[in-house]
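# Commentary on secondary and tertiary structure
Here's the letter readout for the chains.
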Amino acid sequence: MSDCEEIVLQNFTKKAKLIHENSEDTTCSNEDIDETSSVASTATTDENRSDTPNNSRKGRWRKLKGVPLKLNYKCTNYLKEDHGQPLFGVQINQHEKPGDPVVFATVGSNRASIYQLLDDGNIRLLQAYTDSSADENFYTCAWSYLDTTGEQILAIAGMKGIVRLINPASCTNIKNYVGHGSSINELKWHPKDSNLLLSASKDHCLRLWNTKTDQLVAIFGGVEGHRDEVLSTVTV
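What this report covers is the structure whose coordinates are included nearby. (Residues numbered from 1 in each chain as written. Predicted model: local features only at pLDDT ≥ 70, side-chain atom pairs only at ≥ 80, totals over all residues. Heavy atoms only, no water.)

## Concerning empty space enclosed by the protein
This model, assessed by the stated rule, comprises one cavity of 30 Å³ or more. Roughly 40 Å³ of internal volume is contained in the largest cavity. Together, A112, I114, Q127, A128, Y129, L154 and I166 line the largest cavity. Only strand 3 (111–117) and strand 4 (123–130) provide two or more residues apiece to the lining of the largest cavity. Of the residues forming the lining of the largest cavity, the biggest block, three residues, is contributed by strand 4. Per-class residue counts for the lining of the largest cavity are six nonpolar, one polar and no charged. (1 Å grid on protein atoms, 1.4 Å probe; cavity = no way out; pocket = protein on both sides within 12 Å on 5 of 7 lines; lining within 4 Å. Points joined across faces, edges and corners; volume = space filled by probe spheres on them. Helix = DSSP H or I, 4+ residues; strand = E, 2+ residues; numbered from the N terminus. Nonpolar A, V, L, I, M, F, W, Y, C, P; charged D, E, K, R; others polar.)

Here it is in structure tokens:
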């Protein structure tokens with residue numbers, strides 16, 4: 001036997017011994033067998049296993065044992081607005097100070113309503129804005145605040161494609177932004193700049209507004225942009 005053949009034989013023997021030792025250390029009990037696994041699957045090598053721990057067995061065990069997971073949520077109250085039209089948007093005011101009551105807004109038909117959630121579960125109407133045009137149908141709303149006074153403001157928009165800023169403290173429509181060629185589906189404020197507002201529209205475009213300077217900062221659209229209406233957007 002040549003030196004080369006002897007080296008190859010020694011390496012093969014070492015590998016076979018290592019595989020045999022690993023197979024002896026590996027144990028499998030009935031508890032480790034997944035009852036829902038496919039009988040046609042015969043792969044047992046480590047190459048077919050994920051490095052991420054799999055908790056699916058535990059979930060199946062709970063299901064088989066008849067212990068479903070239950071969330072302790074229940075409906076304490078509900079309301080129905082008198083305009084008889086669908087509500088397209090609901091937004092909780094996240095800019096309230098700790099300890100302040102929970103305030104949220106809804107939009108539907110040509111109305112934007114602001115409510116307060118009371119401690120006993122009841123809901124109280126604080127105020128409502130009704131657009132002068134009966135043909136308007138608001139689809140979206142979003143909360144922010146004026147960095148000069150700290151007053152809360154509510155941005156609303158819908159079928160007319162007009163962005164309106166409402167100041168609940170003064171009960172007035174303080175600003176309007178016109179530019180979209182069709183309805184506005186969603187509004188989102190910048191998470192760190194309370195003056196930047198993004199609007200997504202049916203006209204295939206998004207527009208970024210600066211509500212402090214009343215300037216249109218950017219238009220996201222064009223030939224290489226969206227080919228259909230923009231339904232939603234996310235700001236991070």
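## Topic: the sheet that holds strand 10 (residues 196–201)
The strands that make up a sheet pair up through hydrogen bonds in the backbone, lying either parallel or antiparallel. If you trace the four strands from one edge of the open sheet to the other, you get 9-10-11-12, paired in antiparallel fashion. Single-partner strands in this sheet number two, and they are strand 9 (184–189) and strand 12 (215–220). Taken pair by pair, the neighbouring strands of this sheet meet at an average axis angle of 20°, ignoring direction. Where strand 10 meets strand 11 (residues 206–210), five bridges bridge the pair, whose relative direction is antiparallel. Paired with S199 across the bridge in strand 11 is R207. (Pairing = 2+ DSSP bridges. Axes fitted to C-alpha atoms, helices over the stretch in contact; angles between N-to-C directions.)

## Points about the packing of aromatic side chains
The full count for this structure, using the stated rule, is four aromatic pairs. Ring geometry for Y129 and F138: centres 6.4 Å apart, planes at 45°, overall tilted. Owing to a relative accessible area of 0%, F138 belongs among the buried residues under this scheme. (Phe/Tyr/Trp six-rings, centres within 6.5 Å; stacked < 30°, edge-to-face > 60°. Buried < 20%, exposed > 50% of the residue type's maximum accessible area, 1.4 Å probe, protein only.)

## Details of the sheet that holds strand 6 (residues 152–158)
Across the sheet, which stays open at both edges, the four strands sit in the order 5-6-7-8 with antiparallel pairing between neighbours. Every other strand in the sheet has two partners, leaving strand 5 (138–145) and strand 8 (172–178) as the edge strands with one partner each. Recorded for the sheet is a direction-independent mean angle of 20° between the axes of neighbouring strands. Strand direction decides the pairing type here: strand 5 and strand 6, joined by seven bridges, are antiparallel. Across the sheet, the residue bridging to Y145 is Q152, located in strand 6.

From the geometry alone we can't say anything about function, so treat these as descriptive.
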